[in-house]
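# Structure at a glance
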Amino acid sequence: MFTENKVKLAIAPIGWTNDDMPELGGDIPFEQCISEMALAGFIGCEVGHKYPREIEVLKKALDLRGLRIASAWFSAFLTSKPFQETAEAFKAHRDFLYALGAKVIVVSEQGNSIQGQMEAPLFENKPVFTEEEWSCLVDGLHRLGDLAAEKNMKIVYHHHMGTGVQTTEEIDRLMGETDPKKVSLLYDTGHLVFSGEDPLHVLNKYIHRIHHVHLKDVRMEIVHKVREGKMSFLQAVKAGVFTVPGDGAIDFQPVFAALAAAGYEGWLVVEAEQDPSVANPLEYALKARQYIRETCGL
Ligand SMILES: O=C1C[C@@H](O)[C@H](O)[C@@H](O)C1=O
Ligand SMILES: [Co+2]
């Protein structure tokens, strides 16, 4: 289905150790996480908070297991802090990823975000950017795109629950106001379905701007519980709103088919944060690997 050697399969460490809630998987060592990723049949991963920051140490640990770095999350504060603060942190992050051979940098605007607030009702308290904030975001992203281009890299914007770019309308505005040469899109199936969007509509509309993919499945019964119970993003994750592809409500077959038909090149990253004391990370990584093999032959 996919062009040979152009599409690679990775997995994010968030199923083992969660950067948003370090207490989830706090007892799982880095080496166990990357060993199990490789054992489950993945050739790449993203970066988590337990990963060593020394390039050579990290490279050696990954090389020993046949893993490469696909990318890593960057929190931007373009709407709430002076640009220079985000730019300095971004350059350090960019250089770290460049040294590890990554080509794309995941960027998410965290100004006014409620994704890290344990008690904030997700659907009621989600931020909505003002005109001024939109203009800071668009201008700042263009400048981050220029900084990424200095190293021949791209920024891929992560739409996300509990942030100012969550809905189809907000994604449309961001894509409409940014230069495709400077700002690409990260496509995260789980966040779109959780938000109530049509993931295939977004995929087809922006397929040529999508340069990184997060494969997350969703348990719809938990989405309903989150809406009814006015739960927060973190409470939703703890309750099990996300799971691996093949274990939830999303049919990934048309997603893979559309990406393949458009000649997608890059990483597909399984990213399914759950409580690892409830959902054994190796078991779920194996489940995802098998589903992807059966669904798209990768
Ligand atoms: O890409 C992601 C990174 C996480 O930190 C985040 O909260 C998760 O839901 C996600 O999609
Ligand atoms: Co994601």
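Quantities reported herein were computed from a predicted structural model and do not represent experimental measurements. (Residues numbered from 1 in each chain as written. Chains lettered and ligands numbered in written order. Predicted model: local features only at pLDDT ≥ 70, side-chain atom pairs only at ≥ 80, totals over all residues. Heavy atoms only, no water.)

Moving on, we get to the pattern of salt bridges. Side chains carrying opposite charge are able to pair once their charged atoms draw close together. Per the counting criterion, the structure on display carries 17 salt bridges. Aspartate 188 is paired through a salt bridge with lysine 216; the nearest N and O atoms lie 4.0 Å apart. On the criterion of sequence distance, the pair formed by aspartate 188 in strand E7 (residues 183–188) and lysine 216 in the loop between strand E8 (210–215) and strand E9 (217–218) is long-range, its members being 28 residues apart. Per residue, the accessibility class of aspartate 188 equals that of lysine 216, and both read buried. Across the salt bridge formed by lysine 216 and glutamate 271, the nearest N and O atoms sit 2.5 Å from each other. With lysine 216 in the loop between E8 and E9 and glutamate 271 in the loop between strand E11 (266–270) and helix H12 (281–296), this pair connects stretches of sequence that are 55 residues apart. With a relative accessible area of 8%, glutamate 271 lands in the buried category. Each of Asp188, Lys216, Glu271 and Glu273 takes part in one network of salt bridges that share partners. (Salt bridge = Lys/Arg side-chain N within 4 Å of Asp/Glu carboxyl O. Helix = DSSP H or I, 4+ residues; strand = E, 2+ residues; numbered from the N terminus. Buried < 20%, exposed > 50% of the residue type's maximum accessible area, 1.4 Å probe, protein only.)

This part is about the pairing of strand E6 (residues 154–158). In terms of residue burial, E6 counts as a mostly covered element, since four of its five residues are buried. Bridge count between strand E5 (residues 104–109) and E6: four bridges; the pairing is parallel. Directly across from valine 107, in E6, lies its bridge partner tyrosine 157. In terms of strand pairing, E6 meets E7 through four bridges, oriented parallel. Bridge pairing in E7 links valine 156 to serine 184. Each parallel crossover has a hand, and for E6 linked through helix H6 (residues 168–177) to E7 it is right-handed. (Pairing = 2+ DSSP bridges. Right-handed = clockwise from strand over helix to strand, strands pointing away.)

Here we take up the coordination of the cobalt ion (ligand 2). For the cobalt ion (ligand 2), the full set of protein donor atoms is His158 (NE2), Asp188 (OD), His214 (ND1) and Glu271 (OE), and the range of their distances to it is 2.1 to 2.3 Å. Around the cobalt ion (ligand 2), the six donor atoms are arranged such that angles at the metal cover 71 to 168°; this shape is classified as octahedral. Mapped onto the polypeptide sequence, the residues donating to the cobalt ion (ligand 2) form the spacing pattern H-x29-D-x25-H-x56-E. Taken together, the residues span a long stretch of sequence, with aspartate 188 in strand E7 and glutamate 271 in the loop between E11 and H12 at a distance of 83 residues. (Donors = N, O, S within 2.8 Å, 3.2 Å for Na, K, Ca; no water. Tetrahedral: all angles 85-135°; square planar, octahedral: opposite > 155°, others 65-115°.)

A separate point is the packing of aromatic side chains. In total, this model carries nine aromatic pairs according to the counting rule given. Ring geometry for phenylalanine 2 and phenylalanine 256: centres 6.2 Å apart, planes at 75°, overall edge-to-face. Taken as a pair, phenylalanine 2 in the segment before strand E1 (7–11) and phenylalanine 256 in helix H11 (residues 253–261) lie far apart in primary sequence, 254 residues in all. A residue is classified by how much of its surface remains accessible, and phenylalanine 2, at 12% relative accessible area, is buried. Relative to phenylalanine 90, the ring of phenylalanine 74 has its centre 5.4 Å away and its plane inclined at 80°; by these criteria the two rings are edge-to-face. Of this pair, phenylalanine 74 sits in strand E4 (residues 73–76) while phenylalanine 90 sits in helix H3 (residues 83–99); the two residues are 16 residues apart in sequence, bridging distant segments of the chain. Residue classification places phenylalanine 74 among the buried residues on the basis of a relative accessible area of 6%. By relative accessible area, which is 0% here, phenylalanine 90 ends up buried. Site record: aromatic cluster; members linked through ring pairs are Phe2, Phe252, Phe256 and Tyr291. Over the face of the ring belonging to tyrosine 98 we find lysine 151, whose NZ or CZ atom lies 4.8 Å from the ring centre. Positioned over the ring face of phenylalanine 123 is arginine 227, at 3.8 Å from the centre of the ring. (Phe/Tyr/Trp six-rings, centres within 6.5 Å; stacked < 30°, edge-to-face > 60°. Lys NZ or Arg CZ within 6 Å of the ring centre and 35° of its normal.)

The next thing to look at is the site of ligand 1. Taken together, 13 residues sit near ligand 1, with Asp20, His158, His191, Glu271 and Glu273 positioned nearest. One of the side-chain N or O atoms of histidine 158 is found 2.9 Å from an oxygen atom in ligand 1. With respect to ligand 1, the side chain of glutamate 271 contributes an N or O atom lying 2.5 Å from an oxygen atom. When isolated, ligand 1 has an accessible area of 290 Å², and the protein chains bury 95% of it. Split by residue class, the shell around ligand 1 holds three nonpolar, five polar and five charged. (Near = heavy atom within 4 Å. Polar contact = N/O pair within 3.5 Å; in protein donor to acceptor, adjacent residues only side chain to side chain. Areas by Shrake-Rupley, 256 points an atom, 1.4 Å probe, with all protein chains shown as cover. Nonpolar A, V, L, I, M, F, W, Y, C, P; charged D, E, K, R; others polar.)

UniProt annotation of "domain: Xylose isomerase-like TIM barrel" (unreviewed entry) refers to residues 40–294 when read in the numbering used here. Annotation note: span residues 40–294, helix share 44%, strand share 17%, distance between end C-alpha atoms 15 Å. (UniProt positions renumbered as here; feature names shortened; annotations may be inferred.)

This part is about the nonpolar core. Grouped together as the largest cluster of nonpolar side chains are 97 residues, with contacts concentrated most on Leu141, Leu144, Phe194 and Leu268. Top element by residues in this core is H12. It accounts for seven residues. Once residues within four sequence positions are removed from consideration, leucine 144 is found in contact with Ala76, Leu78, Phe83, Thr86, Ala87, Phe90, Val107 and Ile155. (Core = buried A, V, L, I, M, F, W, Y, C linked by side-chain atoms within 4.5 Å. Contact = heavy atoms within 4.5 Å.)

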